[in-house]
Amino acid sequence: MTAPLKACALSELPEEGALRVELDGKPVCIARSGGTVYAIGDICSHADVSLSEGDVEDGHIECWLHGSMFDLATGAPTGLPATKPVPTYAVTVEGDSVLVQMES
Ligand code: FES
């Protein structure tokens, strides 16, 4: 198992919102909702659009282009038009550091 990578500082993350980082050459959306931090693939499974530019609410993120919703915990689509999930990654928070496990 590879070591988790530092994605960002917890203080950089909005209380309900997301930001885009690149880890291991992959775009990753780090999101916070309801006090929990999540990491999912940043590319919407419907088209090549950055999910981190969408709205975060109630453990979900909404793609800004056509409004697909994704569950931040599972990556599953919960609103059309997307039908395919996005990848999820394990997150740990250590102090002010958000760490993401890219591979198990
Ligand atoms: S690109 Fe995300 S819903 Fe269409």
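Reading guide: rules and limits
Residues numbered from 1 in each chain as written. Predicted model: local features only at pLDDT ≥ 70, side-chain atom pairs only at ≥ 80, totals over all residues. Helix = DSSP H or I, 4+ residues; strand = E, 2+ residues; numbered from the N terminus. Rg over C-alpha atoms; globule rule 2.2 N^0.38 Å. Contact = placed C-beta atoms within 7 Å. Buried ≥ 20, exposed ≤ 12 C-beta atoms within 10 Å, placed from the backbone.

Draft legend 1. Seen up close, the overall build of the chain. Within the chain, the regular secondary structure consists of 0 helices and 10 strands. Overall, the chain shows an N-to-C arrangement of helices and strands of β-β-β-β-β-β-β-β-β-β. In terms of overall size, the chain behaves like a compact globule, its C-alpha atoms giving a radius of gyration of 13 Å where 104 residues would be expected to give roughly 13 Å. Along the longest, intermediate and shortest principal axes, the C-alpha atoms of the chain span 35 × 25 × 20 Å. Partitioning the intrachain contacts of the chain with sequence separation of at least 6 by distance along the chain shows that 41% fall at a separation of at least 24.

Draft legend 2. Spotlight on the environment of Leu80. The residue Leu80 is located in the loop between strand E8 (77–79) and strand E9 (88–94) in this model. Take Leu80: there are 11 C-beta atoms within 10 Å of it, and that puts it in the exposed class. Sequence separation of Leu80 and Arg32 is 48 residues, and the distance between their C-alpha atoms is 22 Å.

By themselves, these figures tell us nothing about what the structure is for.
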